[in-house]
Amino acid sequence: TQTSGATSSQMIRFSDSNTAVTTLGANIGSIEWYTSDATGAGARVTARIQAVYADTNGNANIQIQTGSTATPTTRITVIGSSGNVGIANAAPLDTLAVTGTAYVSGNVTSAANISGANLVTSGLITVTGNVQSGNLRTAGLASVTGNITGGNIISVAVISAGSAGITATGNV
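Residues numbered from 1 in each chain as written. Predicted model: local features only at pLDDT ≥ 70, side-chain atom pairs only at ≥ 80, totals over all residues. Heavy atoms only, no water.

Engineer: Got a minute to help me understand the overall build of the protein in this structure?
Structural biologist: For the protein, the helix and strand inventory stands at zero helices and 14 strands. Reading the secondary structure of the protein in the N-to-C direction produces β-β-β-β-β-β-β-β-β-β-β-β-β-β. Taken over the C-alpha trace, the protein has a radius of gyration of 23 Å; the compact-globule value for 172 residues is 16 Å, which it surpasses by more than 25%. Each principal axis of the C-alpha atoms in the protein carries an extent, and together these give about 60 × 45 × 40 Å. The burial tally for the protein puts 25% of its 172 residues in the buried class. For the protein, the proportion of contacts with a sequence separation of at least 24, taken over those separated by at least 6, is 11%. Of the roughly 10800 Å² that the protein leaves accessible, carbon and sulfur atoms contribute 52%. The centroid of the 5 positive side-chain charges in the protein is displaced by 7 Å from the centroid of its 5 negative side-chain charges. (Helix = DSSP H or I, 4+ residues; strand = E, 2+ residues; numbered from the N terminus. Rg over C-alpha atoms; globule rule 2.2 N^0.38 Å. Buried < 20%, exposed > 50% of the residue type's maximum accessible area, 1.4 Å probe, protein only. Contact = heavy atoms within 4.5 Å. Areas by Shrake-Rupley, 256 points an atom, 1.4 Å probe, with all protein chains shown as cover. Lys, Arg positive; Asp, Glu negative; His and termini not counted. Charge placed at Lys NZ, Arg CZ, Asp CG, Glu CD.)

Engineer: Quick question: what am I supposed to make of the sheet that holds strand E6 (residues 96-98) here?
Structural biologist: Pairing between the strands of a sheet is mediated by backbone hydrogen bonds and can be parallel or antiparallel. Reading across the sheet, the six strands line up as E1-E2-E3-E4-E5-E6 and stay open at both edges, with mixed pairing between neighbours. Pairing within the sheet leaves two strands with one partner each, and these edge strands are strand E1 (27-35) and E6. The sheet shows a mean angle of 15° between the axes of neighbouring strands, direction not considered. Bridge count for strand E2 (residues 44-53) against strand E3 (residues 60-66) is seven bridges, and the pairing is antiparallel. Counted as the bridge partner of Tyr 53 is Ala 60 from E3. (Pairing = 2+ DSSP bridges. Axes fitted to C-alpha atoms, helices over the stretch in contact; angles between N-to-C directions.)

Engineer: I would appreciate a short explanation of the sheet that holds strand E8 (residues 114-121) in the present structure.
Structural biologist: If you walk across this open sheet you meet the four strands as E8-E10-E12-E14, and the pairing is parallel. On the outer flanks of this sheet lie E8 and strand E14 (166-168), each paired with one strand and no other. For this sheet the average axis-to-axis angle between neighbouring strands, irrespective of direction, equals 30°. As paired strands, strand E12 (residues 148-155) and E14 are joined by three bridges and run parallel to one another. Bridging across to E14, Gly 150 finds its partner in Ala 168.

Engineer: I keep staring at the environment of Asn 107 and nothing clicks. Help me out?
Structural biologist: Residue position: Asn 107 is located in the loop between E6 and strand E7 (108-110). For the pair Asn 107 and Gly 123, spaced 16 residues apart in the sequence, the C-alpha separation amounts to 5.9 Å.

Engineer: Which parts of the structure should I look at to understand the nonpolar core?
Structural biologist: Buried together is how nonpolar side chains tend to be arranged in soluble globular proteins. If you look at the biggest cluster of nonpolar residues, it comprises nine residues: Ile 114, Ile 125, Val 127, Val 131, Leu 136, Ala 142, Val 144, Ile 148 and Ile 153. Listed by contribution, the elements that provide at least two residues to this core are strand E9 (125-127), strand E10 (131-138), strand E11 (142-144) and E12. Setting aside residues up to four positions removed in sequence, Ile 153 forms contacts with Leu 136, Ile 148, Ile 159, Ile 166, Thr 167, Ala 168, Asn 171 and Val 172. (Core = buried A, V, L, I, M, F, W, Y, C linked by side-chain atoms within 4.5 Å.)

Engineer: Which parts of the structure should I look at to understand the side chain of Gln 63?
Structural biologist: Mapped onto the elements, Gln 63 comes out in strand E3. A residue is classified by how much of its surface remains accessible, and Gln 63, at 6% relative accessible area, is buried. At a separation of 3.4 Å, a polar atom in the side chain of Gln 63 contacts the side chain of Gln 65. With near-sequence residues (within four places) excluded, Gln 63 lies in contact with Arg 48, Ile 49, Gln 50, Val 52, Arg 75, Thr 77 and Val 78. (Polar contact = N/O pair within 3.5 Å; in protein donor to acceptor, adjacent residues only side chain to side chain.)

So, to be careful, I would describe these as geometric facts and stop short of saying anything about function.
Right, dumping it as structure tokens:
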């Protein structure tokens, strides 16, 4: 659908004629990038942005995908109908859900708790809540209002924690 005029914007609309959602995850519409390259993996869709059904109410998730085979299957990002964003995570339950390793080149500041398998940083960590990890390794300052709990806690700088302090099952 294309509209024009002083009070409306240009748009591309994908219309779905289904009156009932029968298959969650079914494609509602997509934009694909295709290469005819006959070398390497051959002619294929190399990237895609698509909308898929998220629930039986017809709400959609937006997926950004890449791949080197005939069909892009690597989900880079999913934006859920709830507004949650998943990076390499097909069903983000939190505002930002990252599956795998996250790299932050700046400071990490949290007004809540931080928990995870391993927390490695060379910069500043500022947490108003608690930090709980399998291992905590930092070359920078870790300033935690709550408590720090971990397997091994390693720092070449200062670590400060709340009244219950620092608890480690391994080395400090």
